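# Chain and residue survey
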Amino acid sequence: MATVNLNGQYRDGGGGTSSAGCGPSSSSSSSHYPIQGKKDQWIKLNVGGTCFLTTKTTLSRDPNSFLSRLIQEDSDLISDRDETGAYLIDRDPRYFAPVLNYLRHGKLVLDDGLSEEGVLEEAEFYNVTHLIGLLKDSIARREQRPTADKKRVYRVLQCQENELTQMVSTMSDGWRFEQLINIGTSYNYGAEENAEFLCVVSKECANTLIGRENESNDRAKVLQQKGSRM
């Protein structure tokens, strides 16, 4: 039987995986996925190009959620489907996986690299009420930890002048803008002359994540000092 692992990949019966969508091998026809009753009907979701296979029972755990409303026969939501019949949802599949797993077993489990804020964004989009409350409580408890348990880490992003607005406006997962440094390198783009910048951003992280950020952290501090003298 096909399954979806915690990384959101589709796994067929032969052990292969795919994250490009719901291909023919993921068919949920009755010959491959027998229906054990109306409530156990298998449902396919194509979230951002990744196929998830679950049941109607799982998606109906929160009757007021977007997912529960989507699969109702008299649904008031309009959704396109791909060539295999999977519901098309234009969201990040990495952050959808914890939401789906929460509906499956009622526990919040986050893979490395996934932030609570990112999952909260998806929980609010899908309107999974209990998960929203759980995540907000968890974030509030994290914010109340002693400062010794936290450290601000920095990253440096190089961008062109015409990319600044989009980059700053799309920062998420707790990252915030700190400083903009003009590195003085100009280039010609068509008839216009543009400059290049280093954008310093920061995020408050638990000490368990600090080791991965030391190099970026040190580099950002040097650039901030340099920028303050420019």
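Along each chain, the written sequence defines residue order, and numbers are assigned to residues from 1. Only residues with pLDDT of at least 70 get local features here, since the model is predicted, and only at 80 or more are side-chain atom pairs given and counted; chain-wide, interface and lining totals rely on the full set of residues. As a rule here, side-chain values cover all heavy atoms of the structure and leave hydrogens and water aside.

### Examining the sheet that holds strand β4 (residues 42–47)
Overall, mixed pairing links the three strands, which are arranged β5-β4-β6 in an open sheet. The open sheet is flanked by β5 (50–55) and β6 (87–89), the only strands paired with a single partner. Between one strand axis and the next, the sheet turns by 30° as a mean value, whatever way the strands run. Between any two strands, at least two bridges found by DSSP are needed for them to pair. Helix and strand labels come from DSSP, where a helix needs a run of H or I of at least four residues and a strand needs a run of E of at least two; each type is numbered from the N terminus. Axes here mean lines fitted to C-alpha atoms, for a helix over just the part in contact, with angles spanning 0 to 180 degrees between N-to-C directions.

### Observations regarding the pairing of β5
Relative accessibility thresholds used throughout: buried, under 20% of the residue-type maximum; exposed, over 50%; partly exposed, between the two (1.4 Å probe, protein chains only). A large share of β5 lies buried, amounting to six of its six residues. Taking every second residue as pointing to the same face, both faces of β5 are buried, with Thr-50, Phe-52 and Thr-54 on one and Cys-51, Leu-53 and Thr-55 on the other. Strand direction decides the pairing type here: β4 and β5, joined by six bridges, are antiparallel. Bridge pairing in β5 links Lys-44 to Leu-53.

### With respect to the packing of helix α3 (residues 93–105) against helix α4 (residues 116–126)
Packed helix pairs are characterised by how far apart their axes lie and by the angle those axes make with each other. Relative orientation of the contacting elements α3 and α4 amounts to 65°, with a least axis distance of 9 Å. Taken together, α3 and α4 sit at an angle that is classed as roughly perpendicular. When the axes of α3 and α4 are compared, the crossing they make is right-handed. For the pair α3 and α4, contact is made by Tyr-95, Phe-96, Pro-98 and Val-99 and by Gly-118, Val-119, Glu-122, Ala-123 and Tyr-126, respectively. Considering only residue class, the contact of α3 with α4 consists of seven nonpolar, one polar and one charged. Note on angle classes: values under 35 degrees are labelled roughly parallel, values over 145 roughly antiparallel, values of 65 to 115 roughly perpendicular, and the remainder oblique. By convention the crossing between two helices is left-handed if the near helix lies anticlockwise of the far one by an angle smaller than a right angle, and right-handed if it lies clockwise. Contacts are assigned to residue pairs that have any heavy atoms within 4.5 Å of one another. Residues were grouped as follows: Ala, Val, Leu, Ile, Met, Phe, Trp, Tyr, Cys and Pro as nonpolar; Asp, Glu, Lys and Arg as charged; and all remaining residues, including Gly, as polar.

### Examining the pairing of β4
Most of β4 sits out of view: five of its six residues are buried. What sits between the antiparallel neighbours β4 and β5 is a turn of two residues, in which Gly-48 has the positive phi angle 55°. When β4 meets β6, the two strands line up parallel, connected through three bridges. Its bridge partner lying in β6, Val-47 is registered against Ile-89.

### Section: the pattern of salt bridges
Here, a salt bridge means any Lys or Arg side-chain nitrogen found within 4 Å of an Asp or Glu carboxyl oxygen. Evaluation of the coordinates by the stated rule reveals seven salt bridges. Among the salt bridges present, the one from Arg-142 reaches Glu-143, with a minimum N-O distance of 3.1 Å. Among the ionic pairs, Arg-176 bridges to Glu-178, the shortest N-O distance being 3.1 Å. For Arg-176, a relative accessible area of 44% corresponds to the partly exposed category. What emerges from the salt-bridge pattern is a single network uniting Glu-116, Glu-117, Arg-142 and Glu-143.

### Looking at the environment of Glu-178
Along the chain, the position of Glu-178 falls in strand β8 (residues 176–189). Counting along the chain gives 25 residues from Glu-178 to Lys-203, while the straight-line C-alpha distance between them is 9.8 Å. Polar contact criterion, stated in full: a pair of N or O atoms within 3.5 Å, where within protein one must be able to donate a hydrogen and the other to accept it, and residues adjacent in sequence count only if both atoms are side-chain atoms. Polar side-chain contacts of Glu-178 include one of 3.1 Å to the side chain of Arg-176. At 2.5 Å, the side chain of Glu-178 and the side chain of Ser-202 are in polar contact.

### A short note on the confidence of the model for the protein
Per-residue pLDDT for the protein averages 74, and the proportion of residues at 70 or more is 65%. Every residue carries a pLDDT, the predictor's confidence in it, which falls somewhere between 0 and 100. Note on residues 1–19: pLDDT under 50 across the span, and 40 contacts to partners over four residues away in sequence or across chains. When the criterion is pLDDT under 50, residues 209–213 qualifies, and its contacts beyond four places in sequence or with other chains add up to four contacts.

### Remarks on the environment of Glu-83
In this fold, Glu-83 is placed in the loop between α2 (66–70) and β6. Separated by 61 residues in the primary sequence, Glu-83 and Cys-22 have C-alpha atoms spaced 8.3 Å apart.

### A word on the nonpolar core
Among the buried residues, those of types Ala, Val, Leu, Ile, Met, Phe, Trp, Tyr and Cys that are joined through side-chain atoms within 4.5 Å form a nonpolar core. Ranked by size, the top nonpolar core spans 28 residues in total, and within it Leu-45, Leu-67, Ile-89, Phe-96 and Tyr-126 carry the most contacts. Here the element with the most residues in this core is α3; it accounts for seven residues. Apart from residues lying up to four places away in sequence, Leu-67 is in contact with Leu-45, Leu-59, Ile-89, Phe-96, Leu-103 and Tyr-126. With 10 residues, the next largest nonpolar core counts Val-153, Trp-175, Phe-197 and Cys-205 among its residues.

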